[in-house]
Amino acid sequence: GLESRDSEGHTLSELLDTYGEAMRGTKVGKEFPLLLKLISAGDRLSVQVHPDDAYARKNEHGKLGKTEAWVILDAEPGAQIVYGIREGVSRDMLAHACKEGGEAVRACLNTVNVKAGDVYYIPAGMVHALGGGVTLMEIQQSSDVTYRFYDWDRVDKNGNRRHDNQHVKRAVQNSAVSRTVLYPLQLCCKLLHAGVIHRLFPNRFHFALLLSSAMRRIFSRYSLAALSAASNTPFSCRAASAMEPAR
């Protein structure tokens, strides 16, 4: 929160006062555009999706959408996350599965094992969920717009499965399906493991700003082949379902 401090004891407010535009940029208005979170999940969190900026501005009173990134800090053996929808699943299939719940929904979800040092880019529209036994740093757009459509069949105090029809409708509308895109991960992991990030950016907040900005720019403009050729680095990749959400 606002009382968190860096390694030298400075609060976020103090850093903003000291560095000014060098930290917040020149295009920031009243609301700071990024949030950083440390999350430790003891159990699986709900399956969710976030809209992009255009959808959120139109349907959520002018708010921002949400693109984010996860840096896995620690993970128990066998820990997993939900990372996208399985290939071949349509929005109609997903909507029908959400009504049934249980295995019908789980069969639509793409799950991956995670370990400390992994980096996951989660653009708006990508279905995702954090599994139990995972601790991570989340770098995200400053937005509270989240559509949850599956809570692992947990029930409320009355014994009813948690299910919000309006949330489910908007979640399905914004879920990216039908097209597979590859995201390069290994370079980020190598930099983290080698300590390069710490030497270049001893202030982790500065690194978080850079990482979020770079991910959005690089992955939206360049193909995997172009990145590999430019850096002379064979990237290790994970496949994820992604495409422009419905409007």
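Residues numbered from 1 in each chain as written. Predicted model: local features only at pLDDT ≥ 70, side-chain atom pairs only at ≥ 80, totals over all residues. Heavy atoms only, no water.

1. Comments concerning the overall build of the protein
Consideration 1: Within the protein one finds 10 helices and 11 strands.
Consideration 2: Taken across its 247 residues, the protein has 43% of its residues classed as buried.
Consideration 3: Accessible area for the protein stands at about 13,600 Å²; split by element, carbon and sulfur atoms hold 51% of it. (Helix = DSSP H or I, 4+ residues; strand = E, 2+ residues; numbered from the N terminus. Buried < 20%, exposed > 50% of the residue type's maximum accessible area, 1.4 Å probe, protein only. Areas by Shrake-Rupley, 256 points an atom, 1.4 Å probe, with all protein chains shown as cover.)

2. Structural notes on the nonpolar core
Consideration 1: Residues Val47, Ile85, Leu94, Leu109, Val127 and Phe149 are the most contacted members of the largest nonpolar core, which totals 23 residues.
Consideration 2: Mapped by element, the contributors of at least two residues to this core are strand E2 (47–49), strand E4 (80–85), helix H4 (91–100), strand E9 (147–150) and helix H6 (165–174).
Consideration 3: If near-sequence neighbours (up to four positions away) are discounted, Leu109 is found in contact with Val47, Val82, Gly84, Ile85, Arg86, Val127 and Trp152.
Consideration 4: Counting 14 residues, the second-largest nonpolar core is a separate cluster that includes Ala79, Tyr120, Ile122 and Met126. (Core = buried A, V, L, I, M, F, W, Y, C linked by side-chain atoms within 4.5 Å. Contact = heavy atoms within 4.5 Å.)

3. Focus on unusual backbone geometry
Most of the time, phi is negative for any residue but glycine, and the peptide bond is trans.
Consideration 1: Even without being glycine, His61 reaches a positive phi, approximately 60 degrees.
Consideration 2: One can find His61 in the loop between helix H3 (53–59) and strand E3 (68–75).
Consideration 3: Note on His61: relative accessible area 77%, which makes it exposed.
Consideration 4: Of note in this structure, Trp152 is not a glycine but carries a positive phi near 55 degrees.
Consideration 5: Mapped onto the elements of the fold, Trp152 is located in the loop between E9 and H6.

4. Comments concerning the packing of aromatic side chains
Consideration 1: Taken as a whole and assessed by the stated rule, the structure comprises 3 aromatic pairs.
Consideration 2: On the numbers, 6.3 Å between centres and 80 degrees between planes, the contact of Tyr55 with Tyr147 is edge-to-face. Note that Tyr55 is positioned in helix H3 and Tyr147 in strand E9, a separation of 92 residues in sequence.
Consideration 3: Look at Tyr83 and Tyr120: their rings are 5.1 Å apart centre to centre, the planes differ by 70 degrees, and that puts the pair in the edge-to-face class. (Phe/Tyr/Trp six-rings, centres within 6.5 Å; stacked < 30°, edge-to-face > 60°.)

5. As for the side chain of Asp118
Consideration 1: Tracing the sequence through the fold places Asp118 in the loop between strand E5 (109–113) and strand E6 (119–122).
Consideration 2: Take Asp118: its relative accessible area is 6%, and that puts it in the buried class.
Consideration 3: Here the side chain of Asp118 touches Lys115 through a polar contact of 3.1 Å, landing on its backbone nitrogen. (Polar contact = N/O pair within 3.5 Å; in protein donor to acceptor, adjacent residues only side chain to side chain.)

6. Let's talk about H4
Consideration 1: If you check which residues of H4 are buried, you get Arg91, Leu94, Ala97 and Cys98. In an axial view of H4, the angular spread of the buried residues amounts to 120 degrees, which keeps them on one side of the axis. Of the exposed residues in H4, the ones pointing more than 90 degrees away from its buried face are Asp92 and Lys99.
Consideration 2: Looking at the buried residues of H4, the elements they touch are E4, helix H5 (103–106), E9 and H6.
Consideration 3: Two residues or fewer past H4, Gly101 is found with a positive phi of approximately 75 degrees. (Arc of directions from axis to C-beta.)

7. Here's the deal with the packing of H4 against H6
Consideration 1: Contact pair H4 / H6: the axes reach a minimum separation of 9 Å and the direction vectors enclose 155 degrees. Put simply, H4 runs roughly antiparallel to H6. The crossing of H4 and H6 is right-handed. Counting all contacts with H4, which are made through Arg91, Leu94, Ala95 and Cys98, the residues of H6 involved are Val168, Val172 and Gln173.
Consideration 2: The residue makeup of the contact of H4 with H6, split by class, is 5 nonpolar, 1 polar and 1 charged. (Axes fitted to C-alpha atoms, helices over the stretch in contact; angles between N-to-C directions. Parallel < 35°, antiparallel > 145°, perpendicular 65-115°, else oblique. Left-handed = near helix turned anticlockwise from the far one by under 90°. Nonpolar A, V, L, I, M, F, W, Y, C, P; charged D, E, K, R; others polar.)

8. Notes on the environment of Gly131
Consideration 1: As for its position among the elements, Gly131 is in the loop between strand E7 (128–130) and strand E8 (134–141).
Consideration 2: Residues Gly131 and Val82 lie 49 residues apart in sequence; the distance between their C-alpha atoms is 7.4 Å.
Consideration 3: For Gly131, the residues in contact, after removing those within four places along its chain, are Ala41, Asp43, Arg44, Gln80 and Ile81.

9. A word on the pattern of salt bridges
Consideration 1: Scanning all chains against the criterion turns up 7 salt bridges.
Consideration 2: Put simply, Glu138 and Lys37 hold a salt bridge, and the shortest N to O gap is 3.9 Å. One end of the pair, Glu138, is in strand E8; the other, Lys37, is in strand E1 (residues 34–41), and 101 residues separate them in sequence.
Consideration 3: The exposure class assigned to Glu138 is buried, which follows from its relative accessible area of 6%.
Consideration 4: Measuring nitrogen to oxygen at the nearest pair gives 2.7 Å for the salt bridge that ties Arg154 to Asp151.
Consideration 5: The exposure class of Arg154 is partly exposed, given its relative accessible area of 24%.
Consideration 6: Among the ionic contacts, a cluster of salt bridges with common partners joins Asp43, Asp151 and Arg154. (Salt bridge = Lys/Arg side-chain N within 4 Å of Asp/Glu carboxyl O.)

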